[in-house]
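Okay, here's what each chain looks like letter by letter:
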Amino acid sequence: MQIPFYVGCYAPKGQDSLFECCLDTQTGAVSLTHACREVENPSYLALSKDGETLYAVSETQTFENESGGGFASLSCKDGFSVYGQSATHGTFPCHILLEEAHSLAFVSNYGGGSISTFHLSPFAAPRLDDVTQHAGHGPNAERQEGPHVHSCTWVGEHLGAADLGTDRIALYTVHEGTLTPDGSISMPAGSGVRHFVCDVNRADTLYAACELTSEVAIVKNGGGSWQVAAQVSALPHPVAGNTCAAIRQTADGRFLLVSNRGHNSIAVFSCTPQGLSPLRWIDAHGQDPRDFLLLKNFLLAANQTSRSLSIFKFNPQTAEAEFCQTVSFPAAPVCVAAAEKNFT
């Protein structure tokens, strides 16, 4: 069986930066089938539910001579064709959350410390509707001098925005595309929350990857208030300069995986009502695994600095991984995306 997936890379406009690949689920072989060079630094991707439209940010400081990055929509049926690109009006956009039921996309602007809300239309460039600005800072003077929105994820009916710069997950109600502040979740000072996932089996639990402290924060909702219940190291031992990046839970909710840049590993935890139990650390077989994906009993890790994609067979019953191969890329891969129906 051949399963398509997509890889976004840091590369300037005019060079191949976005790739369509195919995974052979019998052999683990990966082939690169199409490439696109019209989107600069597509560091995060999101695929429509029908699998025919791919969305990509341009993680840049300027876009079309304006301050901020870009947000593109592309046809990915039989190759790439760009429908259009729009300015985010926030620098270095780095994450996309689609809400296709209401034709919306929420783009996180790391440098700008803001959320750009876009309206989506078929076969057209996304239309910017609003920009929600964060404010504040954290104790890490180098990394938390101001707000740095790194990702958005749904927390029940609220939109949650992870702000690395201010150590909080801001909560918003969303009505007809308008974001209204409705509280926040305080994270440990200096932890630098990056991405988070809500437990698929427990509505009162979420797990947050804390980039600056290389920890996973377990956050619980008791009596309507979210509080950090525990912090678990993502490392087997201290590693100078390590930073956490991606965090994903298996579809059945039994396991949680977190990538480590520096230790160059994927940490695997067992999820229980009592918390997280570390099981193992998978050698990434590459340097700085910024993103990874669990796809049809395979684990794909995008290694930014070594410009490679590591392929593993993944056992969904035990969360053990068997290394298959690395695939070299002409640019630095930093995001992997595929249709949700193929997730493990």
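A few points on the structure. (Residues numbered from 1 in each chain as written. Predicted model: local features only at pLDDT ≥ 70, side-chain atom pairs only at ≥ 80, totals over all residues. Heavy atoms only, no water.)

Spatially, 4 strands are ordered E22-E23-E24-E25 in an open sheet, and the strand pairing comes out antiparallel. Edge positions in the open sheet fall to strand E22 (243-249) and strand E25 (275-283), since each of these has one partner strand only. Going from strand to strand, the sheet's axes swing by 25° on average, the running direction of each strand aside. One ladder, built from 5 bridges, connects E22 with strand E23 (residues 255-261); its direction is antiparallel. Counterpart to Thr243 in the pairing with E23 is Arg261. (Pairing = 2+ DSSP bridges. Helix = DSSP H or I, 4+ residues; strand = E, 2+ residues; numbered from the N terminus. Axes fitted to C-alpha atoms, helices over the stretch in contact; angles between N-to-C directions.)

Quick look at the sheet that holds strand E28 (residues 308-314) now. Strand order across the open sheet formed by 4 strands is E26-E27-E28-E29, with antiparallel pairing between neighbours. The strands lining the two open edges of the sheet, one partner per strand, are strand E26 (289-295) and strand E29 (321-328). Here the strands of the sheet are splayed against their neighbours by 20° on average, with no regard to which way each runs. Of the strand pairs in this sheet, E26 and strand E27 (residues 298-303) are connected by 6 bridges, and their pairing is antiparallel. Residue pairing across strands places Pro289 opposite Asn303, the latter belonging to E27.

The next point concerns the pattern of salt bridges. The final tally for this structure, using the stated rule, is 9 salt bridges. One salt bridge connects Glu59 with Arg290, and the closest N-O pair in it is separated by 3.5 Å. A residue pair is termed long-range when its members are at least 10 positions apart, and Glu59 in the loop between strand E5 (53-58) and strand E6 (62-63) and Arg290 in strand E26 qualify at 231 residues. This pair shows no difference in class: Glu59 is buried, exactly as Arg290 is. Between Asp291 and Arg248 there is a salt bridge whose closest N-O contact spans 3.1 Å. (Salt bridge = Lys/Arg side-chain N within 4 Å of Asp/Glu carboxyl O. Buried < 20%, exposed > 50% of the residue type's maximum accessible area, 1.4 Å probe, protein only.)

Counting 26 residues, the largest nonpolar core has Leu45, Leu54, Phe71, Leu74, Phe80 and Ile96 as its most contacted members. When residues of this core are traced back to their parent elements, those giving at least two are strand E4 (45-47), E5, strand E8 (70-75), strand E10 (93-99), strand E11 (104-109) and strand E30 (332-337). It is E5 that provides the largest number of residues to this core, a total of 4 residues. Excluding residues that lie within four positions of it along the chain, Ile96 makes contacts with Tyr44, Leu45, Ala46, Tyr55, Ala56, Val57, Phe71 and Phe106. Among the nonpolar cores identified, the runner-up in size contains 21 residues, and Phe5, Val30, Leu293 and Ala331 belong to it. (Core = buried A, V, L, I, M, F, W, Y, C linked by side-chain atoms within 4.5 Å. Contact = heavy atoms within 4.5 Å.)

In this structure the tally under the stated criterion is 7 aromatic pairs. When the centroid spacing of 5.6 Å and the interplanar angle of 65° are considered together, the rings of Phe312 and Phe323 count as edge-to-face. With Phe312 in strand E28 and Phe323 in strand E29, the pair connects residues that are 11 residues apart, well separated along the chain. The exposure class assigned to Phe312 is buried, which follows from its relative accessible area of 2%. (Phe/Tyr/Trp six-rings, centres within 6.5 Å; stacked < 30°, edge-to-face > 60°.)

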